[in-house]
Amino acid sequence: MALLPRLVPSARGLLIFEAAARTGSFTATAVEFNVTQPSISRSVAELEAAIGVKLFERRARGIELTIDGRALHDVLGEAVTRIAETIEAIQRRKSSTKPVVTLSMSSSFVAHWLLPRLGEFNAAFPQVDIRFDLVPGVLRGIPDNVDLATRIVAADDESFHRWSFAPEIIFPVCSPAYLSARGPLDHKGDGAGHVFLWLTDHATPKWAKEWGNVAHRGTSRGVWHEFTDYSVILQAALNGEGIALGWVSVIASMLLKGMLVPASDLVIRTGQHHSLVAPRSKPLSPVVVEIALWLQAGIAKELDALAGMDGLSIGS
């Protein structure tokens with residue numbers, strides 16, 4: 001791939017082009033850059049010459065992007081916006097007197113467990129600003145800039161500080177209204193009359209043994225809807241749209257409140273355990289430890305309450 005400096009005379013010319021395309025005016029661009037209008041025209045002409053195409057049509061009423069100009073601006077405009085947002089975020093962090101803690105968690109856990117407790121969190125940690133690194137699907141690797149994450153990691157992995165969080169226990173769940181209207185799920189049947197809400201990241205063969213016949217898509221008579229964001233799946237289940245797999249660490253609150261109920265008597269225990277982890281590659285801040293312990297205590301309280309509920313079996 002060719003280097004950008006070999007393709008264009010200067011990065012400033014690209015910024016001038018972006019401003020001209022955004023404002024639709026060389027005059028407005030000149031004001032933005034505090035130069036003369038002819039200077040803007042020359043910069044754009046130099047860029048066009050370097051690329052070898054016209055980027056603007058010059059008309060009596062102003063300028064209009066050509067097809068090539070629109071193609072370039074679609075990419076450049078987005079890039080300039082993202083660069084500006086990143087610089088502003090860096091400046092905010094630098095000027096802030098409060099530490100910023102980055103949490104890497106599933107979007108579903110944050111949306112359905114942590115957000116309802118955000119007021120409690122703020123009261124417990126008024127000195128902290130939080131940045132959420134949200135994962136819509138399966139939790140995989142941990143980005144380098146993360147302070148604390150929820151992940152399943154190998155027991156012998158020495159690269160993390162670790163706090164036990166929740167066992168991986170999974171229920172098929174639905175809303176009470178859905179269960180009342182369609183009845184419980186028969187895992188020996190073909191799924192007829194039911195709607196299944198599925199995460200694209202989850203391969204159905206992985207769950208075939210636990211689910212029974214209903215997991216065989218080729219013979220299933222149920223309706224299957226796939227999503228790339230597990231948080232949306234849970235919202236659809238809450239709305240009564242179908243049956244979802246519910247990870248106990250995410251749905252505990254909804255089960256306790258009766259917003260979701262088991263769709264059958266099936267309980268899937270994978271034998272794995274979710275942990276709160278902090279990379280050993282960076283210094284461990286005391287406030288990160290405090291946040292980990294706060295989250296750990298919150299989920300433990302709910303798991304204890306679930307263990308005492310009739311119709312649920314989350315014990316070992």
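Residues numbered from 1 in each chain as written. Predicted model: local features only at pLDDT ≥ 70, side-chain atom pairs only at ≥ 80, totals over all residues. Heavy atoms only, no water.

*Asks:* Residue-level account of the packing of helix α2 (residues 11-23) against helix α3 (residues 26-33), with values.
*Replies:* Between α2 and α3, whose axes approach to 8 Å, the crossing angle comes to 130°. Taken together, the axis directions place α2 and α3 in an arrangement best described as oblique. Between α2 and α3 lies a crossing whose hand is right-handed. Contact residues: Arg12, Leu15, Ile16, Ala19, Ala20, Arg22 and Thr23 in α2; Phe26, Ala28, Thr29, Glu32 and Phe33 in α3. Taken together, the residues that form the contact of α2 with α3 break down as seven nonpolar, two polar and three charged. (Axes fitted to C-alpha atoms, helices over the stretch in contact; angles between N-to-C directions. Helix = DSSP H or I, 4+ residues; strand = E, 2+ residues; numbered from the N terminus. Parallel < 35°, antiparallel > 145°, perpendicular 65-115°, else oblique. Left-handed = near helix turned anticlockwise from the far one by under 90°. Contact = heavy atoms within 4.5 Å. Nonpolar A, V, L, I, M, F, W, Y, C, P; charged D, E, K, R; others polar.)

*Asks:* How would you summarise the side chain of serine 104 if you had to cite specific residues and measurements?
*Replies:* Inspection of the secondary structure puts serine 104 in strand β3 (residues 100-106). Classification of serine 104 as buried rests on a relative accessible area of 0%. Only 3.4 Å separates the side chain of serine 104 from the side chain of aspartate 133, close enough to count as a polar contact. (Buried < 20%, exposed > 50% of the residue type's maximum accessible area, 1.4 Å probe, protein only. Polar contact = N/O pair within 3.5 Å; in protein donor to acceptor, adjacent residues only side chain to side chain.)

*Asks:* Provide a residue-level description of the confidence of the model for the chain, including the pertinent values.
*Replies:* Averaged over every residue, the pLDDT of the chain is 85; the share at 70 or more is 90%. The lowest-confidence element of the chain is helix α9 (residues 204-211), averaging 63 in pLDDT; the highest-confidence one is helix α8 (residues 176-182), averaging 96. (pLDDT = per-residue confidence, 0-100.)

*Asks:* Which residues make up the pairing of strand β11 (residues 268-279), and what values do they have?
*Replies:* Residues in a regular strand point their side chains to alternate faces of the sheet. Judged from the three bridges that link them, strand β5 (residues 148-151) and β11 form a sheet pairing that is antiparallel. Bridging across to β11, alanine 149 finds its partner in valine 277. Sheet topology note: the strand β6 (residues 160-174)/β11 ladder contains nine bridges and is antiparallel. When the sheet's bridge partners are listed, serine 164 is paired in β11 with serine 275. (Pairing = 2+ DSSP bridges.)

*Asks:* An account of the side chain of serine 175 is needed here, citing residue identities and associated values.
*Replies:* Positionally, serine 175 belongs in the loop between β6 and α8. Side-chain polar atoms of serine 175 contact the backbone nitrogen of tyrosine 178, separated by 3.0 Å. Here serine 175 is in contact with Ala237, Leu238, Gly240, Met259, Leu260 and Val261, once residues within four sequence places are set aside.

*Asks:* Describe in detail the pairing of strand β9 (residues 243-247), supporting the description with residues and values.
*Replies:* The element β9 is largely enclosed, with a buried count of five among its five residues. Burial along β9 is two-sided: Ile243, Leu245 and Trp247 facing one way and Ala244 and Gly246 facing the other are all buried. As defined by bridge partners, β6 adjoins β9 across four bridges and the pair is classed as antiparallel. Paired with proline 172 across the two strands is leucine 245, which belongs to β9.

*Asks:* Run through the packing of aromatic side chains, naming residues and quoting values.
*Replies:* With the rule as written, the count across this model stands at ten aromatic pairs. Seen in terms of ring centroids, phenylalanine 121 and phenylalanine 125 are 4.9 Å apart; in terms of plane orientation they differ by 45°. Their pairing is tilted. By relative accessible area, phenylalanine 121 is classed as buried at 2%. Ring centres of phenylalanine 121 and tryptophan 294 lie 5.4 Å apart, and the angle between their planes is 85°; on these two criteria the pair is classed as edge-to-face. Within this pair, whereas phenylalanine 121 is found in helix α7 (residues 118-124), its partner tryptophan 294 is found in helix α12 (residues 286-307), the two being separated by 173 residues in sequence. Pairwise contacts between aromatic rings join Phe17, Phe26 and Phe56 into one cluster. Over the aromatic face of tryptophan 113 sits the side chain of arginine 117, whose NZ or CZ is 4.0 Å from the ring centroid. (Phe/Tyr/Trp six-rings, centres within 6.5 Å; stacked < 30°, edge-to-face > 60°. Lys NZ or Arg CZ within 6 Å of the ring centre and 35° of its normal.)

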